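Overview (structure and organization)
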Amino acid sequence: MDKVIIAIDGFASTGKSTLAKKLSQHLGLRYVDSGALFRGITFWVLKNGWVSDDNLNELAIEKGLDNLNIFFDSVTNILSVNGIDVTEAIRSKEVSAQVSQIAKLSFVRSFLLNQQRQMSLRAGLVMDGRDIGTVVFPNADFKFFFTAKPEVRAQRRLEEMEASGHQANFADVLKNILDRDRIDSQRKISPLKKAADAIEINTSELSLEQAFDLLIAKINTK
Ligand code: CDP
């Protein structure tokens, strides 16, 4: 497929990234995890001590962005922040706990919006996130919106975290997922919502293979 853009949005831990990656490989397109970019900025903000539970140094973040170099490699899926590989580090509990506060900031969103759009200039891609079909690529060729029961999502995320060596428990993971869904859906700029022309996919009862087959079927019948 040439210069095709596929947008996959939806709630936290609904399987977007796994399926977007699989779909990109199947179709020979590049894959971009836009959430990794927001997580990367959050990691950098935490590292600089600019955010805690009751304090957010917006001025320092906005100024710091002038010198921030953040890069998602769509071939290796490695995320680097100022040249350092933070692919694993951005999955920590600390980053998950703060990312939605950082993703609300208008200057963070416009900084990443440019970068996301530039990635589409050379070739087609599959990008997953929250506002890809609504704001980043409103003219995407295909748009999907993923949902699933919160308990199913928390269980999947817990297993993913444990497999990659991050300590977690079910209740905390569920709470983080619900908190992020609320903040992401309620924010003023680019809130998480289904684009009018997106196809909704509920992955609660679907295996990875079933969800993948469904996506391919929808793409082939459009
Ligand atoms: O993989 P998971 O569903 O946990 O989330 P993610 O894709 O890694 O995104 C982490 C957070 O980044 C989300 O909860 C949003 O706050 C933010 N985000 C966003 O605001 N817009 C995007 N396009 C992607 C992520």
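Refer to the preceding data block for the structure.
No experiment lies behind these values; they were computed from the predicted model shown. (Residues numbered from 1 in each chain as written. Predicted model: local features only at pLDDT ≥ 70, side-chain atom pairs only at ≥ 80, totals over all residues. Heavy atoms only, no water.)

1. Concerning the overall build of the protein
Counting its secondary structure elements, the protein contains 9 helices and 10 strands. Over its C-alpha trace the protein gives a radius of gyration of 17 Å, about what one expects of a compact globule, namely 17 Å for 222 residues. By principal-axis analysis of the C-alpha atoms, the protein measures approximately 50 × 40 × 30 Å. Here the protein holds 222 residues, and 51% of them are scored as buried. Contacts spanning at least 24 positions in sequence make up 75% of the contacts within the protein whose residues lie at least 6 apart. With an accessible surface of roughly 11000 Å², the protein has 50% of that area assigned to carbon and sulfur atoms. (Helix = DSSP H or I, 4+ residues; strand = E, 2+ residues; numbered from the N terminus. Rg over C-alpha atoms; globule rule 2.2 N^0.38 Å. Buried < 20%, exposed > 50% of the residue type's maximum accessible area, 1.4 Å probe, protein only. Contact = heavy atoms within 4.5 Å. Areas by Shrake-Rupley, 256 points an atom, 1.4 Å probe, with all protein chains shown as cover.)

2. Thoughts on the site of the ligand
Taken together, the neighbourhood of the ligand is formed by 20 residues, with Arg-39, Arg-109, Arg-180, Asp-184 and Arg-187 sitting nearest. The side chain of Ser-34 places a nitrogen or oxygen atom 3.0 Å from a nitrogen atom of the ligand. Alone, the ligand offers 530 Å² of accessible surface; in the complex the protein occludes 98% of this. For the ligand, the cavity whose grid points lie within 2 Å of the majority of its atoms is the largest pocket. Put simply, the parts of the chain that give the shell around the ligand at least two residues each are helix H2 (34-47), helix H4 (93-102) and helix H8 (170-186). Among the elements that make up the shell around the ligand, the one with the highest residue count is H2 (4 residues). Here the residues of the shell around the ligand are counted per class, giving 5 nonpolar, 5 polar and 10 charged. (Near = heavy atom within 4 Å. Polar contact = N/O pair within 3.5 Å; in protein donor to acceptor, adjacent residues only side chain to side chain. 1 Å grid on protein atoms, 1.4 Å probe; cavity = no way out; pocket = protein on both sides within 12 Å on 5 of 7 lines; lining within 4 Å. Sits in = over half its atoms within 2 Å of the grid points. Nonpolar A, V, L, I, M, F, W, Y, C, P; charged D, E, K, R; others polar.)

3. Brief notes about the packing of H4 against H8
For the pair H4 and H8, interaxial distance at closest approach is 9 Å and the crossing angle is 5 degrees. Taken together, the axis directions place H4 and H8 in an arrangement best described as roughly parallel. Residue-level inspection shows Ser-96, Ala-97, Val-99, Ser-100 and Gln-101 of H4 in contact with H8, the latter providing Asn-176, Arg-180, Ile-183 and Asp-184. Split by residue class, the contact of H4 with H8 holds 3 nonpolar, 4 polar and 2 charged. (Axes fitted to C-alpha atoms, helices over the stretch in contact; angles between N-to-C directions. Parallel < 35°, antiparallel > 145°, perpendicular 65-115°, else oblique.)

4. Some words on the environment of Leu-56
Within the secondary structure, Leu-56 sits in strand S4 (residues 55-56). The spacing of Leu-56 and Arg-156 is 100 residues in sequence and 31 Å in space, taken between C-alpha atoms.

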